[in-house]
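Observations on the model geometry
Next come the chains, spelled out residue by residue.
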Amino acid sequence: MALSSMTGFARASGAVDGLHWQWEVKSVNAKALDVRCRLPSGFEALEPGVRAAVAEKLKRGSLQVMLSVSGASQPETLQLNEAVLEQLLGAAERLRARIGGEPPRADVILGMRGVFDVVSEDADEAAVQRRDAALMASFREVLAMLVQARREEGARLQTLLADQLLRIETLAVAVRDNPARTAPAIRLRLAEQVTRLMETGAAFDESRLHQEAVLIATRADVQEELDRLMSHVEGARSLISSSEAVGRELDFLAQEFNREANTICSKAMDKSLTRLGLELKSVIDQMREQVQNIE
């Protein structure tokens, strides 16, 4: 099973009764499902069906749905506007009576704006239903193409995330097995620090000093963080093997990964541990970027 990305693009075209169209759908990542439609005038009735079809197939993503059409249109006729014509003729006669001149010519009057109206004939209801049904069938086709494109991108992201999880697991094991975490190494490091303090000549209570050393050693222990990190790795692997919309869960888990890595870095008492912690953070940051694109 493969994850689905929120990024994709699809295009499909079709024709019916002399009408030609093209659907384009673009999808990018978003926190929820957001659909924006750009439909030509006269095709607005398609929008509810478009939104319902998208909601049935997708859970998250910002989509731009665009429809362009050409070809057949509603038949139009010219209709003489009698009222405007009478007003123009009356004004022409009044003007001629005052200043003289030739009677107005028909071609001049008919060429004036408003004398003729362009009237669209009512479209046949059956033809409109046939057109809309063909357009929606075409949209479902382009939507299926988009879903497939998002799944293909999701499969690529799944492979990438699996590699990153393996890298995180490898680094966590390296932290666990790092020689700087052994009891002798910690005792030696604390002894060196105590020796430097004693060399200053300041007076120290040895029993109090021992207690502080124990506290420092306890704070430096990162076993709990490593255990949680390994648990998160297993949880993330389970999620990326799903075909469901798990993007939100992965995003939350990525934040938990980052929290554990930050704690490991803050507790590190050795350069080698700090280096491993920083490398962990780097891989986790890369993973978080990819997770943002998962549906």
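Residues numbered from 1 in each chain as written. Predicted model: local features only at pLDDT ≥ 70, side-chain atom pairs only at ≥ 80, totals over all residues. Heavy atoms only, no water.

Attention shifts here to the pairing of strand S2 (residues 19-28). With nine bridges connecting them, strand S1 (residues 8-16) and S2 associate as antiparallel partners. Within the sheet, the bridge partner assigned to Gly 14 lies in S2 and is Trp 21. Following S1, the chain reverses through two residues before pairing antiparallel with S2; Asp 17 in that reversal takes a positive phi of roughly 50°. Two elements, S2 and strand S4 (residues 61-71), share 10 bridges in a ladder whose sense is antiparallel. Counterpart to His 20 in the pairing with S4 is Ser 70. (Pairing = 2+ DSSP bridges. Helix = DSSP H or I, 4+ residues; strand = E, 2+ residues; numbered from the N terminus.)

Looking now at the sheet that holds S2. The strand order S1-S2-S4-S3 describes an open sheet built from four strands, whose pairing is mixed. Single-partner strands in this sheet number two, and they are S1 and strand S3 (33-38). Here the strands of the sheet are splayed against their neighbours by 15° on average, with no regard to which way each runs. For S3 and S4, the ladder comprises six bridges, and the chain directions are parallel. Residue pairing across strands places Arg 36 opposite Gln 64, the latter belonging to S4. Against the sheet, helix H1 (residues 47-57) contacts S2, S3 and S4, and its axis sits at roughly 150° relative to S3. (Axes fitted to C-alpha atoms, helices over the stretch in contact; angles between N-to-C directions. Contact = heavy atoms within 4.5 Å.)

Note that every value here comes from positions in space, so none of it alone points to a role or purpose.
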